[in-house]
Number of protein chains: 2
Amino acid sequence: MSQEGIALVMLEDCEARRDLNIRWLTGHPGDALLFLSTVEPRAILIAWDVNLAKLYAAQSPALVTSYNDFDRKPRKAINAIAKKLGIPAGSRIEIPCATPYPVFLDYVGELTDFDVLCRENGAESELRKLRAVKDEEEIAITRKAAAITNELIDTLEKNVVSGKIKTEADAALLIQAETRKAGCEGTSFETLAAGPDRSFAIHAFPAWTYAPFGTKGLSILDFGVKLGGYCTDVTLTFTRDLDAKQEKLVNLVEKAAKLAISMAHNGTRARDIASAVDELFAKSKKKMPHGLGHGIGVQEHEYPVIRNSSDNEWVLESGMIFTIEPGLYDPLLGGCRLENDILITGSDSQPGYEILTTARIIKLG
Amino acid sequence: MSQEGIALVMLEDCEARRDLNIRWLTGHPGDALLFLSTVEPRAILIAWDVNLAKLYAAQSPALVTSYNDFDRKPRKAINAIAKKLGIPAGSRIEIPCATPYPVFLDYVGELTDFDVLCRENGAESELRKLRAVKDEEEIAITRKAAAITNELIDTLEKNVVSGKIKTEADAALLIQAETRKAGCEGTSFETLAAGPDRSFAIHAFPAWTYAPFGTKGLSILDFGVKLGGYCTDVTLTFTRDLDAKQEKLVNLVEKAAKLAISMAHNGTRARDIASAVDELFAKSKKKMPHGLGHGIGVQEHEYPVIRNSSDNEWVLESGMIFTIEPGLYDPLLGGCRLENDILITGSDSQPGYEILTTARIIKLG
């Protein structure tokens, strides 16, 4: 901040624009504004729910005050904080890069004494980039989350095989219950359970119903757990009595997953992996309608981007944790996706990776 | 659009910026861009999942194409659509008002032939305002959603009283299962179930755990169902063996709910209702840390705004459906919230309302 002459940075986590940086920095998991400044106190947390903030941000050095003191209006808060901290007129103040254009104009109109910055590669984005590489503590907690995920995968397989899980709802409710029993704060997103009639969709809608699951054809189960703020994200496909075309689809997806993971090394460009998978599918005249993967962490989708697009400059490095999730979908055949979470462990001289999760294609017959 | 000389409007529903207008207009429930223009075809839906769009937007007159044809880049899509439709150079093109400032600059840089509009009171916001007043079909489906909600409330009460529901998880999982059994697409948001140790938070975090529920003190249960795209949103408080201070809290919240609902008439300013509740609480030196209510519809939070703020100009009118949800929270006593869904039914000459849901304070002992 000093280098760029920025006196005050505001981050905003609200219903319309989630910014998990605030939780990552302070521990507070709810709606809030976080002000970072070059003068004391360096961090001020303005929380909607002060009681919750005092509980969860207790370890962080931020001063906690109530959003209601500012009529829950960020512009009012930023003005008051700038005044309180004695930010000199003419200083640069940075607001979130997600600020809508009309709201940006309001800030500029209100903060006439300051130079308002709102930019793509500012504080919010730098923090998100920092989050892409996990430290030891983050890796440790993700390993624990992965262990819970893997135990759940085994339980799910056992229960589908035994017939205890007969519907999408049986699978989704089991995941809901078991994640909390295992000490997780919840699932990392709404479980997507799609039996053969609904697996053609990338993300089934509704997310799960009482439709049959694990019956003849392709059934997809996409879920994750969130432990101490850190997410996993896996997808299993259950198959039964496939025809030749469905077999081919499944084999292609398995092949793509293997190919992608074998390339997931320190120093590899993420888009090269995604491009290799696209090429593999193209050879069989198939096209994947979504990206190959994404980072996971305090958010279920974060950096790095694992996608075949010309502007994707992400290069894999040690400490990154991301999904590899090739999938193919067909209105008649159904869909197949195989998603696991990968940790890059190596160095430039000794590349390496670790597959944290054990999602698989489960062949029921 | 013609009146304002706008040739093309783009709406965007994506992970970072949800816009339920697209579902409302076309039926498609997933990530998409919707282009509205003054020339044929008047609506073009660019969906991430084309298979899903063809299923859900089948009734709508929109032309459906794939987001992947444009590398999933809105700017590329808008340029291609403008060209396809033959929008003349110099025309006004409106992009979503939620577009972040840095992204807005990118649009302007890309759409050099056009006059790019991005404004607070544009198409997106006008559609959201239209949604605030429900038509007969919308009221009918909300009534059905309310009936399912009310049956669930009775089941929940019965099961807490009988001891079948002992934990927050028992309540949350029952809601999850029963909503789908009743034909709902899901809950309208993640159920918040907070036993006496956790009810002090406005929105409990985590949303629900295996902690005791319905034991001595105050337990809050906030949930809703979504049927055919339409939400309900209710909050029950369960009480047991309260001390005098807790009794006072509960009585105040009940009194506030009655007062607010009695004022919920056609022609009333929403902020006057919220202000009356704030005054009632202030007399007992209490302060509610959140707004009094909000519209419900295809989104769990929509217009009208039922909040005591000087810039809230919403006036209640026939066909509006919204929550009234006074609540008080204390780190030591716990929290109490009572939330019901109200439909304005009257006219200016004959004001009237209907309480669609039957949420209540449930006294266990």
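Scroll up a little and you will see the structure.
Model, not experiment: these values are computed from the prediction. (Residues numbered from 1 in each chain as written. Chains lettered and ligands numbered in written order. Predicted model: local features only at pLDDT ≥ 70, side-chain atom pairs only at ≥ 80, totals over all residues. Heavy atoms only, no water.)

Enquirer: Please clarify how the sheet that holds strand 8 (residues 192–194) of chain B should be interpreted in this entry.
Expert: Two modes of strand pairing occur in sheets, parallel and antiparallel, and in both the strands are linked by backbone hydrogen bonds. Residue and element names in this part refer to chain B. On the basis of which strands lie adjacent, the open sheet formed by four strands has the order 8-9-12-20 and mixed pairing. Both outer strands of the open sheet, strand 8 and strand 20 (361–363), are each paired with one neighbouring strand and no more. This sheet shows a mean twist of 15° between the axes of neighbouring strands, independent of strand direction. As defined by bridge partners, strand 12 (residues 234–240) adjoins strand 20 across three bridges and the pair is classed as parallel. Bridge pairing in strand 20 places Phe238 opposite Ile362. Contacts from helix 6 (residues 136–162) reach strand 9 (217–223), strand 12 and strand 20, with the element oriented near 15° to strand 12. The sheet strands contacting helix 8 (residues 244–263) are strand 9, strand 12 and strand 20, and the helix crosses strand 20 at an angle near 145°. (Pairing = 2+ DSSP bridges. Helix = DSSP H or I, 4+ residues; strand = E, 2+ residues; numbered from the N terminus. Axes fitted to C-alpha atoms, helices over the stretch in contact; angles between N-to-C directions. Contact = heavy atoms within 4.5 Å.)

Enquirer: Explanation requested: the interface of chain B and chain A in the structure shown.
Expert: By a frequent convention, interface size equals the accessible area lost on bringing the separate parts together. Counting residues at the interface gives 48 residues for chain B, matched by 48 residues for chain A. Carbon and sulfur atoms make up 60% of the surface buried where chain B meets chain A, a total of about 4200 Å² over both sides. When the buried area of chain B at its contact with chain A is split by residue, Trp48, Tyr101 and Phe205 of chain B rank highest and sum to 16% of it. One salt bridge in this structure joins Asp311 of chain A and Lys73 of chain B, with 3.8 Å as the shortest N-O distance. The interface formed by chain B and chain A contains 14 residue pairs in polar contact (both at pLDDT 80 or more). Those elements that place two or more of their residues in the side of chain B that touches chain A are helix 2 (50–56), helix 4 (101–110) and helix 7 (168–181) of chain B. (Buried area = accessible area lost by both parts, 1.4 Å probe. Salt bridge = Lys/Arg side-chain N within 4 Å of Asp/Glu carboxyl O. Polar contact = N/O pair within 3.5 Å; in protein donor to acceptor, adjacent residues only side chain to side chain.)

Enquirer: What is the right way to read the environment of Ala53 of chain B from this model?
Expert: All names here are of chain B. You can see Ala53 is positioned in helix 2. Residue Ala53 is classed as buried on the basis of its relative accessible area, which comes to 0%. Apart from the residues within four sequence positions on either side, Ala53 is in contact with His28, Leu45, Ala47, Ala58 and Val64. (Buried < 20%, exposed > 50% of the residue type's maximum accessible area, 1.4 Å probe, protein only.)

Enquirer: I'm lost on the environment of Lys144 of chain A in this one. Help?
Expert: Counting through the fold element by element, Lys144 of chain A comes out in helix 6 (residues 136–162). A C-alpha to C-alpha distance of 9.7 Å links Lys144 of chain A and Leu356 of chain A, two positions 212 residues apart in sequence.

Enquirer: Please clarify how the relation of the copies chain B and chain A should be interpreted in this entry.
Expert: Each of the two copies of the chain can be brought onto the other by a rotation about an axis and a shift along it. In screw terms, the move from chain B to chain A is a rotation of 180° and a rise of 0.0 Å along the axis, fitting with an RMSD of 0.0 Å. Expressed as an axis order, the relation between the two copies is that of a two-fold axis. A symmetric contact is evident, with 100% of the interface residues of chain B recurring at the interface of chain A. (Least-squares fit on C-alpha atoms with pLDDT ≥ 70 in both.)

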